[in-house]
Protein chains: 2
Amino acid sequence: MDLSIGDLSRRVAVKVPTIRYYEQIGLLPAPPRTEGRQRRYGAEHVSRLSFIRHARDLGFDVEAIRELLSLAAQPDQSCEPADQIVLRHLESVERRIAQLTLLRSELRHMLEDCRHGPVRECRIIQVLADHDQCRHEHGKVS
Amino acid sequence: MDLSIGDLSRRVAVKVPTIRYYEQIGLLPAPPRTEGRQRRYGAEHVSRLSFIRHARDLGFDVEAIRELLSLAAQPDQSCEPADQIVLRHLESVERRIAQLTLLRSELRHMLEDCRHGPVRECRIIQVLADHDQCRHEHGKVS
DNA sequence: TCTTGAACCTCTAGTCGCTAGAGATTGTAT
DNA sequence: ATACAATCTCTAGCGACTAGAGGTTCAAGA
Ligand SMILES: [Zn+2]
Ligand SMILES: [Zn+2]
Ligand SMILES: [Zn+2]
Ligand SMILES: [Zn+2]
């Protein structure tokens, strides 16, 4: 186990510049270097980066991942803080789904109502110009 | 109708720096100025900014809004390009909902499976470390 | 051993859609 | 005249990368 950054990249499916970025922000520890200053990674880097990547895929932000990693390193502590992080994330995903569902409905209505004639008669343009013609109180999409 | 940037901001509910930003990127035309170089807006700015704000609330990106505005200014043309823009956006919203729905399910499972004991036994940490323990092929959340 | 060339290095800047601040000027009400 | 809120320009920062320039190192084949 003595992987170049390219090897690690292929193995974990994280791009090379992203790995360097994670090192820069202190998410992945700086590995040892060859005499020519090239990075060489070991098994612990593979598993840590896999964790990071999986958590990113699941939508956690870097701050949350930082906390999750530090919890994972303390196996005797209660896992409650980790649960809290996941719960918070779940709630934000649910809020997001609710917003997007309203949005989808609004967009579908716009497309259904459109008569596909000249812009002058286009419902899409009219609705965009006037939120009162919307069916829902879709909030801002954040 | 001769609104300061603050008046316009309150009327359309778009923050002052955002209005200046829209001017900078060419989304909102530069208004006339007072002798002391302060911006003064008219009715056409109110309606254009309302359009922009509504489209942003509906999740359209600036490029799409640019195209929609330029279409809106040509009332005799076919509205098909506008419909296309909305359709593209709808499809991306639908993809996003599908991803987030998978994600929600995964996060719920993680929370359900967790025994709330020490980190060593925490399913959340275990699943994060190993995607094979996931129920779904949740893709990357983009 | 030498030579090639892919992979690596650092550093800077760009993405998107704002948001925040500094420091100076203008408008308006008393 | 004075005070003070609002405005001005300019620059930098957010999150999570991504792209590129310009230079160096590694590893494989001749
Ligand atoms: Zn139409
Ligand atoms: Zn609306
Ligand atoms: Zn747990
Ligand atoms: Zn997974």
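Residues numbered from 1 in each chain as written. Chains lettered and ligands numbered in written order. Predicted model: local features only at pLDDT ≥ 70, side-chain atom pairs only at ≥ 80, totals over all residues. Heavy atoms only, no water.

A. Molecular detail of the coordination of the zinc ion (ligand 4). The zinc ion (ligand 4) binds to the protein through H54(A) (NE2), H131(B) (ND1), C134(B) (SG) and H138(B) (NE2); the donor distances cover 1.9 to 2.3 Å. Taken together, the 4 donor atoms coordinating the zinc ion (ligand 4) span angles of 102 to 115° at the metal, a pattern that classifies the geometry as tetrahedral. Owing to a relative accessible area of 24%, H131(B) belongs among the partly exposed residues under this scheme. Given a relative accessible area of 12%, C134(B) falls into the buried group. (Donors = N, O, S within 2.8 Å, 3.2 Å for Na, K, Ca; no water. Tetrahedral: all angles 85-135°; square planar, octahedral: opposite > 155°, others 65-115°. Buried < 20%, exposed > 50% of the residue type's maximum accessible area, 1.4 Å probe, protein only.)

B. Highlighting the domain arrangement of chain A. Residue and element names in this part refer to chain A. Parsing chain A into structural domains produces domain 1 (1-77) and domain 2 (79-142). Look at where the C-alpha atoms of domain 1 and domain 2 centre, and you get two points 36 Å apart. Contact with domain 2 buries area across many residues of domain 1, yet F60, L68 and L71 alone supply 62% of it, more than any other trio. Counting the contacts that link domain 1 with domain 2 gives 0 salt bridges. For the side of domain 1 that touches domain 2, the per-class residue count stands at 5 nonpolar, 2 polar and 1 charged. (Domains from an automatic or database assignment. Buried area = accessible area lost by both parts, 1.4 Å probe. Salt bridge = Lys/Arg side-chain N within 4 Å of Asp/Glu carboxyl O. Nonpolar A, V, L, I, M, F, W, Y, C, P; charged D, E, K, R; others polar.)

C. Here's a closer look at helix α2 (residues 16-24) of chain A. Residue and element names in this part refer to chain A. Taken together, the buried positions of α2 are I19, Y22 and E23. The arc that holds the buried residues of α2, viewed along the axis, is 100°, so those residues lie on one side. Exposed and oriented more than 90 degrees from the buried face of α2 are P17 and Q24. Trailing α2 by a residue or two, G26 shows a phi angle of about 80°, which is positive. (Helix = DSSP H or I, 4+ residues; strand = E, 2+ residues; numbered from the N terminus. Arc of directions from axis to C-beta.)

D. Spatial organisation of the protein's contact with DNA strand C. For DNA strand C, the set of nearby residues contains 18 residues, the closest of which are G6(A), R20(A), Y22(B), T34(B) and R56(B). Among all atoms of DNA strand C positioned within 4 Å of the protein, those belonging to sugar or phosphate total 90%. In this structure, a phosphate oxygen belonging to DNA strand C sits 3.1 Å away from a side-chain N or O atom of R33(A). Taking T18(B), its side chain carries an N or O atom lying 3.1 Å from a phosphate oxygen of DNA strand C. Of all elements in the fold, only α1 (5-12) of chain A together with α2 (16-24) of chain B reach the threshold of two or more residues within the surface near DNA strand C. If you tally residues by element for the surface near DNA strand C, the top one is α2(B), at 3 residues. Looking at side-chain class alone, the surface near DNA strand C contains 4 nonpolar, 7 polar and 7 charged residues. (Near = heavy atom within 4 Å. Polar contact = N/O pair within 3.5 Å; in protein donor to acceptor, adjacent residues only side chain to side chain.)

E. Spatial organisation of the interface of chain A and chain B. The interface is formed by 56 residues belonging to chain A together with 56 residues belonging to chain B. Summing the contributions of chain A and of chain B, the shared interface buries around 4600 Å²; its carbon and sulfur component is 73%. Interface area lost by chain A to chain B is led by H54(A), L58(A) and L128(A), which between them contribute 14%. Across the chain A-chain B interface, the total number found is 4 salt bridges. The closest approach of N and O atoms between E94(A) and R108(B), which form a salt bridge, is 2.9 Å. There are 24 residue pairs in polar contact (both at pLDDT 80 or more) connecting chain A and chain B. Residues belonging to the side of chain A that touches chain B are distributed by class as follows: 31 nonpolar, 13 polar and 12 charged. (Contact = heavy atoms within 4.5 Å.)

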